[in-house]
Amino acid sequence: MAYRIATTLSVLLLAVVCLTPAVAAPAVAADIPRTSDGHPDLSGTYDVATLTPLQRPSQFGDNLYLTREEAQAIEDAAHARTRSSSEASDPNREAPPEGGDGSAGAAGNVGGYNSFWIDRGDDTFEIDGKFRTSIIVDPANGRRPPLTEEARERSQARRRPRRANTGEAWWLETGGQGPYDDPELRPNGERCLLGFGSTAGPPMLPVLYNNVKTIVQTPDHVMILVEMVHDARIVRMNSEHPSSEIRKWLGDSIGWWEGDTLVVDTTNFSTKAVRGGSETLHVVERFTRVDKDTLTYEFTVEDPSRWATSWTGEYPWPATDTRLYEYACHEANYALGNILRGARVLEADTLDAGSGN
Amino acid sequence: MRTKIAVILACSGLCLAATVPVVAHHAFGAEFDPNLPLILTGPVTKVEWVNPHTWIHLEVTNEDGTKTTWMVEGGTPNTLLRRGVTKNSLLPGTVIVVDGYQSKDRSNRANGRDITFPDGRKLFMGSSGTGAPRDGSDKTEPSTSN
């Protein structure tokens, strides 16, 4: 029986392999647009949204590849979720449940907003004709290496003052600084200082929405404009990093050409900007134009204070004819004021209750 | 039967909630109070087409006949612009229904957990005639705003 199943699976696998269209050969270097100095022209606007996750779901183990059918199934499921969430609601619905609606993550028990505001992409990506289970390709399990002991302790220490707003002003009792005492204690994304989720990186990773990047290239500099919070990365070509006292929010990036690949080396990160805070972070990115409509973006991240080994990922950046819109985050960042005022109201209520008023 | 429907709706809500990513511009849980749920119905008075989040203003008539203007937080306008939705797609006077939670500072602000037309159709979703922005290509589109 087991043999028969195995045989059937083998036949199916063979059928899948045979039905899979031949892998398109990468464009020869001569076919790609070039600048007047002969280097590949990377300039353009790209939408990097993808349904393929950064880290591989555990059910795929060490398998880097999805079959075309599996990739299609993921896309179908995502589209079905979109259709489902687009369906009409009960016109006579009542208010959501008191005590919260059970939402997790950023939606923190109160829900977020309808899915039409979200743009996580419509498809999974393929490289060299093969669909991937994750952006991360190394370690072999497609997941970031475990944190070092030092990094775990640092993360714990950071988390303590970030204890969530549970509806109780617990910080009044513990003494010291509370998480809502002033704007400087709030996350960089909430303060509109940097985009959330490593959207500007490096490494630059897909996020919930606003996944558009524009590259402007000159012989001396490459600028990468990131839509979220309009972070602009400036890469100095054939330069050197400044001394280690100089620290930058997006790190210091220098670049050079290795054949037709732009290599960008980034160090000198500020601990203010890097989640988990480390000055030993080092990121190497490789941009390769594979055809006139696509870049391949590869990156390797190393930080011995956070991970025992480096980790590497890659995913395509497809060109888009969409426009990159200004994301003037400070324009109307009412949320930050609401959050801080909400904590003040809670403190006043708590003190009133304590004094018997 | 009604209970069953409610349970199914709650489940579908949770299932969808489970897909909400863990990172976003800010934590909605820090801004809105899970103990202050509300449902609001009324005409749109203004749409603040701003970043990082769009805010839709609507005028709600209270039980005593007085009127209160509420502000409802949506997502970034950039995404909608790419889908052809503009600030003219939700005109003042359009009646909407919003369910969400009030801001923890107890101002008249809420998250737009679900924003629909009075018949339940989602804003900006679906094909022509179901709230999608009009581009003039569908002759069956109503000429007045939803």
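Conventions and cut-offs
Residues numbered from 1 in each chain as written. Chains lettered and ligands numbered in written order. Predicted model: local features only at pLDDT ≥ 70, side-chain atom pairs only at ≥ 80, totals over all residues. Heavy atoms only, no water. Buried < 20%, exposed > 50% of the residue type's maximum accessible area, 1.4 Å probe, protein only. Helix = DSSP H or I, 4+ residues; strand = E, 2+ residues; numbered from the N terminus. Pairing = 2+ DSSP bridges. Disulfide = S-S within 2.5 Å. Core = buried A, V, L, I, M, F, W, Y, C linked by side-chain atoms within 4.5 Å. Contact = heavy atoms within 4.5 Å. Lys, Arg positive; Asp, Glu negative; His and termini not counted. Salt bridge = Lys/Arg side-chain N within 4 Å of Asp/Glu carboxyl O. Polar contact = N/O pair within 3.5 Å; in protein donor to acceptor, adjacent residues only side chain to side chain. Expected span 1.5 Å × (residues − 1). Buried area = accessible area lost by both parts, 1.4 Å probe. Nonpolar A, V, L, I, M, F, W, Y, C, P; charged D, E, K, R; others polar.

This next bit is on the pairing of strand S3 (residues 67-73) of chain B. All names here are of chain B. Counting buried positions along S3 gives five out of seven residues, so the element sits mostly inside the fold. In sequence, strand S2 (residues 55-61) turns back onto S3 through a hairpin of five residues, with glycine 65 there showing a positive phi of about 90°. By the bridge criterion, three bridges tie S3 to strand S5 (residues 109-111) in an arrangement that is parallel. Considered in S5, the bridge of glutamate 73 is made with asparagine 111.

A few words on the state of the cysteines. Residue and element names in this part refer to chain A. Within this structure, the stated rule accounts for one disulfide over all chains. Disulfide pairing places cysteine 192 opposite cysteine 329 at an S-S distance of 2.0 Å. Taking the torsion about the S-S bond as the criterion, the cysteine 192 to cysteine 329 disulfide, at about -60°, is left-handed. Residue cysteine 192 is found in the loop between helix H4 (171-174) and strand S6 (212-217), and its partner cysteine 329 is found in the loop between strand S13 (311-318) and helix H5 (334-354); the two are separated by 137 residues along the sequence. Take cysteine 192: its relative accessible area is 4%, and that puts it in the buried class. Cysteine 329 sits in the buried class, given a relative accessible area of 2%.

To continue, consider the sheet that holds strand S2 (residues 65-66) of chain A. Residue and element names in this part refer to chain A. The three strands lie next to each other as S2-S4-S3, forming an open sheet whose pairing is antiparallel. A single partner strand is all that each edge strand has here, and the edge strands are S2 and strand S3 (126-127). Bridge analysis of S3 against strand S4 (residues 130-132) gives two bridges, and the strand direction is antiparallel. Across the sheet, the residue bridging to isoleucine 127 is lysine 130, located in S4.

Residues and elements named next belong to chain B. Counting residues in hydrophobic clusters, the biggest one holds 38 residues, and the most contacted among them are Leu40, Ile56, Leu58, Leu90, Ile96 and Leu123. At the level of elements, strand S1 (32-48), S2, S3 and strand S4 (95-103) are the ones that each hand at least two residues to this core. Looking at this core, the element that brings in the most residues is S1, giving five residues. Leave out the neighbours within four places in its chain, and leucine 90 touches Val44, Val47, Ile56, Ile96, Leu123 and Phe124.

Residue and element names in this part refer to chain A. In this fold, aspartate 303 is placed in the loop between strand S12 (294-302) and S13. Of the side chains with opposite charge, arginine 306 comes closest to the buried, unpaired aspartate 303, at an N-O distance of 4.5 Å. Of note is the side chain of aspartate 303, whose polar atom sits 2.9 Å from the side chain of serine 305. Excluding its chain neighbours within four sequence positions, the residues that come into contact with aspartate 303 are Ser278, Thr280 and Leu281.

Note that an α-helix has 3.6 residues per turn; residues three or four places apart therefore point the same way. Here H5(A) spans 30 Å end to end across 21 residues, near enough to the 30 Å set by a 1.5 Å rise per residue. Within H5(A), the full set of buried residues consists of A:Ala335, A:Leu336, A:Asn338, A:Ile339, A:Leu340, A:Gly342, A:Ala343, A:Leu346 and A:Glu347. Of the surrounding elements, those touching the buried residues of H5(A) are H4 of chain A together with helix H2 (28-31), S2, S3, S4 and S5 of chain B.

What follows covers the interface of chain B and chain A. Listed per partner, the contact involves 65 residues of chain B and 67 residues of chain A. Buried surface at the junction of chain B and chain A, both sides included, amounts to about 5,800 Å², of which 56% is carbon and sulfur. At the surface where chain B touches chain A, the tally comes to six salt bridges. Applying the counting rule to chain B against chain A returns 33 residue pairs in polar contact (both at pLDDT 80 or more). Sorting the residues of the side of chain B that touches chain A by element identifies helix H1 (2-18), H2, S1, S3, helix H3 (77-82), S4, S5 and strand S6 (114-116) of chain B as the ones contributing at least two each. For the side of chain B that touches chain A, the leading source of residues is S1(B), giving eight residues. Split into classes, the residues belonging to the side of chain B that touches chain A amount to 30 nonpolar, 19 polar and 16 charged.

Now for the environment of A:Thr67. By the secondary structure assignment, A:Thr67 is in the loop between S2 and helix H2 (68-86). For the pair A:Thr67 and A:Lys130, spaced 63 residues apart in sequence, the C-alpha to C-alpha distance is 7.7 Å.

Turning next to the pattern of salt bridges. In this structure the tally under the stated criterion is 22 salt bridges over all chains. Residue A:Arg236 pairs with A:Asp252 through a salt bridge whose shortest N-O separation is 2.7 Å. A residue pair is termed long-range when its members are at least 10 positions apart, and A:Arg236 in strand S8 (residues 231-237) and A:Asp252 in strand S9 (residues 252-258) qualify at 16 residues. Owing to a relative accessible area of 22%, A:Arg236 belongs among the partly exposed residues under this scheme. When the shortest N-O distance is used, the salt bridge between B:Arg106 and A:Asp349 registers 2.4 Å. A residue pair is termed interchain when its members come from two chains, as with B:Arg106 in the loop between S4 and S5 and A:Asp349 in helix H5.

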